[in-house]
Each structure stands twice: as C-alpha cells, then as structure tokens.
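Notes for the structure review
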Amino acid sequence: MSDVPNTMPTAAADAVAIDMLATPGADALGFLTGRVRDAAGRAVVAAGRWQGLGRAYPTLDVGEATRAELELARTQLCDAVSVLAAHMRRDGLPPQRMLVVVKDAVRAALTPVAADAPGTRDVMNDAVRCGIDAYYAAA
C-alpha cells in the first residue's frame, strides 16, 4: 500500500470530523487541516510510485493495483479538502484564505525530496481544484 501511514480509516475519520464540527470550541480547522496533510502525503507517494515506475520502466505495466492506489489517494485528498473548504466557507472565511490553508497543508506533507517528486504538482492542483469547487458549492 502506501509508505505514508493512514492513522485513521476514512469512515472513522469522517465520524470524528462530524463530532468535532458539532463540538463548540473544538479545533475543527486544525483537525481538518491535518486530514488534508495526511491525505496529501498518501497522494504524493501514490503519484510518485505511479509516475516513477512508468518512467523508469516504460515497457512495464505498472498495474491496476498501483492505479487503484493512486485513484483512492486522490479521492481521499479531494474528500478531505472538500470538508475543509466547506467548513471554512460556513465560517465566513474568504476563498483566498481557504487556498492558503489548503496549499500549506499539502506543502506540510512534503519532505524536501518529495517536493520535486513526480506527481507532486498534480497533487497540489487536485487539492486546489477540489477546494475551489467545494468552497463555492457550500452554502
């Protein structure tokens, strides 16, 4: 699977997020930002594995398992970013602030080596696109 540990299964994390958002005074923004950071780390690892294997071994079929890992990681990232963006919109924060928080969370997931890894730009672009879509979809 991924080199980045998934410390909490998505369904359990969603339940914790829902409870946290309902708890007055809870650090929901910090929790949701952490979820984005963790999901971005998994997505970068999966994207690097997918693109790196394809470049290193152009005749190798990197397989459905690797493709599925990448798609799952991207979906988890988009889900985490969407919850964060919608939360920020409901709190009345401007879209520019949401973008800064999302980008900072993705960057926090990157080691200096991973910052230039294959697929890192795609992960950032995915996160930004999901954030913008979710921010404006939230009412």
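Preceding this section is the structure that the text describes.
Residues numbered from 1 in each chain as written. Predicted model: local features only at pLDDT ≥ 70, side-chain atom pairs only at ≥ 80, totals over all residues. Heavy atoms only, no water.

Let us now look at the overall build of the protein. Regarding its fold elements, the protein presents five helices and zero strands. Across the 139 residues that make up the protein, the buried fraction comes to 37%. Summarising the internal contacts of the protein: among those between residues at least 6 apart in sequence, 72% fall at separations of at least 24. Counting only carbon and sulfur atoms, one obtains 58% of the accessible surface of the protein, whose full area is about 7700 Å². (Helix = DSSP H or I, 4+ residues; strand = E, 2+ residues; numbered from the N terminus. Buried < 20%, exposed > 50% of the residue type's maximum accessible area, 1.4 Å probe, protein only. Contact = heavy atoms within 4.5 Å. Areas by Shrake-Rupley, 256 points an atom, 1.4 Å probe, with all protein chains shown as cover.)

With that settled, the discussion passes to the state of the cysteines. When the sulfur atoms of two cysteines share a covalent bond, that bond is a disulfide. Per the stated rule, a full pass over the model turns up one disulfide. Bridging C78 to C130, the disulfide has an S-S length of 2.0 Å. On the S-S bond that ties C78 to C130, the torsion sits near -110°, and the link is left-handed. Taken as a pair, C78 in helix α3 (residues 63-90) and C130 in helix α5 (residues 120-137) lie far apart in primary sequence, 52 residues in all. (Disulfide = S-S within 2.5 Å.)

Judged by nonpolar contacts, the single largest core of 29 residues is most densely connected at V36, L77, V81, L84, V106 and V123. Among the elements of the structure, α2 (28-56), α3, α4 (95-108) and α5 are those that each provide at least two residues to this core. The contact partners of V36, leaving out residues within four places of it in the chain, are L77, A80, V81, L84, A105 and V106. (Core = buried A, V, L, I, M, F, W, Y, C linked by side-chain atoms within 4.5 Å.)

The next thing to look at is the environment of R74. Locating R74 in the fold gives a position in helix α3. In this structure, the C-alpha to C-alpha distance between R74 and A40, residues 34 residues apart in sequence, is 8.1 Å. Dropping the residues within four chain positions of it, R74 is found in contact with D122 and D126.

By themselves, these figures tell us nothing about what the structure is for.
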